[in-house]
Amino acid sequence: MYSKVYLEITNICNKNCSFCPGTLRPLRQMTMEEFRLLAGKLQGVTEYLYFHIMGEPLTHPLLPDFVRVARAMGFHPAITTNGSLLPSRSQALLEAMPYKVNLSVHSFEEGDREAYLSYINGCLDFADRASRAGTIAVLRLWNRGYDEGRNVDTEALIRQRFGGQWQEGRRGIRIREKLFLEYGDRFQWPDLQAEDGGERVFCYGLKDQFGVLCDGRVVPCCLDREGAITLGNLFEEEIGAILSSPRARAMAQGFRDRKATEELCRKCGYARRFG
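Residues numbered from 1 in each chain as written. Predicted model: local features only at pLDDT ≥ 70, side-chain atom pairs only at ≥ 80, totals over all residues. Heavy atoms only, no water.

S.K.: Can you walk me through the side chain of Ser245 in this structure?
M.R.: Among the structural elements, Ser245 can be located in the loop between helix 6 (239-243) and helix 7 (246-256). At a separation of 3.0 Å, a polar atom in the side chain of Ser245 contacts the main-chain carbonyl oxygen of Ile242. (Helix = DSSP H or I, 4+ residues; strand = E, 2+ residues; numbered from the N terminus. Polar contact = N/O pair within 3.5 Å; in protein donor to acceptor, adjacent residues only side chain to side chain.)

What follows is the structure, given as structure tokens:
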């Protein structure tokens, strides 16, 4: 059983954030028929289904329906969003009751103060409502070293808005029941054009997680945004056969041995943090 599986429902995004490289793949949204097929093939593989690799899930008109279908199939559906579309889509999303919503509040990079406050307050309104309704809400500041001082302002607004316990933890702060503030360093996405960092690499890909792109291709982790390491296609094959292929087994064994068997993994800045 995997800790989580990333099922990309769309690779379309409404923003162009500097920390995100985007994708060169053709723009695509998963249909309900496709979602049911792929989710059905993932039953028994994981309990936690994350609707994200590339793209902004809230751009997909069927997102609340996908959440309901996933819950009915026994999954805990989770979403990572930049939060900019929440003012128009939050009610429908909350009614669908996702298990968890990660809000990347470091996504706002424009300089206009009024627009910034509108964006942050929209995210905080949703986080407040979601956590009270039973959905875990995580406010993410995954941009340490690149925030140009805005994180201090953002945290001050969060503290002003929320009382609670504010308990320090390993990855951030527990504000209250089901409401968290999480910090992280900005990292370099893996890129075949990047400098080769050597084969000594550890990764949780194919150990705790893997991903499925919106065209059905199975990739070893949530950072393989272009499908450079395509292990198979879930529309055409069963997940057991894909994950037991020689290439997948070699990758998994390589990570256990702290050795990258794929070029993309040798060029992954995120994997370096695991030593």
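S.K.: It is not clear to me how the environment of Cys123 should be interpreted in this structure. Could you clarify?
M.R.: Position of Cys123 relative to the elements: it lies in helix 4 (residues 113-133). Looking at Cys123, the relative accessible area reads 0%, which means it is buried. Sequence spacing of Cys123 and Ala260 is 137 residues, and the spatial spacing of their C-alpha atoms is 38 Å. With residues near it in sequence (within four places) discarded, Cys123 still touches Asn82, Gly83, Leu86, Leu103 and Val105. (Buried < 20%, exposed > 50% of the residue type's maximum accessible area, 1.4 Å probe, protein only. Contact = heavy atoms within 4.5 Å.)

S.K.: I keep staring at the packing of helix 3 (residues 86-96) against helix 4 and nothing clicks. Help me out?
M.R.: Each packed pair of helices is defined by two parameters, the angle between the axes and the distance between the axes. At a minimum axis separation of 10 Å, helix 3 and helix 4 run at an interaxial angle of 10°. By the criterion of interaxial angle, the relationship of helix 3 to helix 4 is roughly parallel. On helix 4, the residues that touch Leu86, Ser90, Gln91, Leu93 and Leu94 of helix 3 are Cys123, Phe126, Arg129 and Ala130. For the contact of helix 3 with helix 4, the class distribution of residues is six nonpolar, two polar and one charged. (Axes fitted to C-alpha atoms, helices over the stretch in contact; angles between N-to-C directions. Parallel < 35°, antiparallel > 145°, perpendicular 65-115°, else oblique. Nonpolar A, V, L, I, M, F, W, Y, C, P; charged D, E, K, R; others polar.)

S.K.: Would you mind going over the pattern of salt bridges with me for this structure?
M.R.: Summed over the entire model, instances satisfying the criterion amount to 18 salt bridges. Between Arg113 and Asp153 there is a salt bridge, with the nearest N and O atoms lying 2.2 Å from each other. One end of the pair, Arg113, is in helix 4; the other, Asp153, is in helix 5 (residues 150-161), with 40 residues separating them in the sequence. Under the relative-accessibility criterion, Arg113 is labelled partly exposed at 41%. For Asp153, a relative accessible area of 24% translates into the label partly exposed. A salt bridge links Asp196 to Arg266, with the shortest nitrogen-to-oxygen separation between them at 3.0 Å. Taken together, the residues Asp196 in the loop between strand 8 (179-185) and strand 9 (209-212) and Arg266 in helix 8 (residues 263-266) connect sequence positions 70 residues apart. Exposure remark for Asp196: the relative accessible area of 37% places this residue in the partly exposed category. The exposure class of Arg266 is partly exposed, given its relative accessible area of 22%. (Salt bridge = Lys/Arg side-chain N within 4 Å of Asp/Glu carboxyl O.)

S.K.: When you look at the packing of helix 4 against helix 5 in this model, what are you seeing that I'm missing?
M.R.: Two elements in contact, helix 4 and helix 5, have axes whose closest approach is 11 Å; the angle formed by their N-to-C orientations is 45°. Comparing their axes, helix 5 and helix 4 come out oblique. Every pair of crossing elements has a handedness; the one defined by helix 4 and helix 5 is right-handed. Taken together, the residues of helix 5 that come into contact with helix 4 (itself represented by Arg113, Tyr116, Leu117, Ile120, Asn121, Leu124, Asp125 and Asp128) are Arg150, Asp153, Thr154, Leu157, Ile158 and Arg161. Here the residues of the contact of helix 4 with helix 5 are counted per class, giving six nonpolar, two polar and six charged. (Left-handed = near helix turned anticlockwise from the far one by under 90°.)

S.K.: It is not clear to me how the nonpolar core should be interpreted in this structure. Could you clarify?
M.R.: Nonpolar side chains in soluble globular proteins generally cluster together in the buried interior. Residues Phe35, Phe51, Leu103, Leu139, Leu181 and Phe210 are the most contacted members of the largest nonpolar core, which totals 82 residues. In terms of residue count, helix 4 provides more of this core than any other element does, eight residues in total. Residues in contact with Phe51, not counting those within four places in the same chain, are Leu7, Ile9, Phe35, Pro57, Leu63, Phe66, Val67, Ala70, Pro77, Ala78 and Ile79. (Core = buried A, V, L, I, M, F, W, Y, C linked by side-chain atoms within 4.5 Å.)

S.K.: I'm lost on the sheet that holds strand 11 (residues 232-233) in this one. Help?
M.R.: Each strand in a sheet pairs with its neighbour through backbone hydrogen bonds, running either in the same direction (parallel) or in the opposite one (antiparallel). With mixed pairing, the 11 strands of this open sheet are ordered in space as 6-7-8-5-4-3-2-1-9-10-11. Either end of the sheet is taken by a strand with one partner, and the two such strands are strand 6 (167-168) and strand 11. Sheet topology note: the strand 3 (residues 76-81)/strand 4 (residues 100-104) ladder contains four bridges and is parallel. Bridge pairing links Ile79 to Val101 in strand 4. Relative to strand 4, helix 4 is tilted by about 165°, and along the sheet it contacts strand 4, strand 5 (136-144), strand 7 (172-176) and strand 8. (Pairing = 2+ DSSP bridges.)

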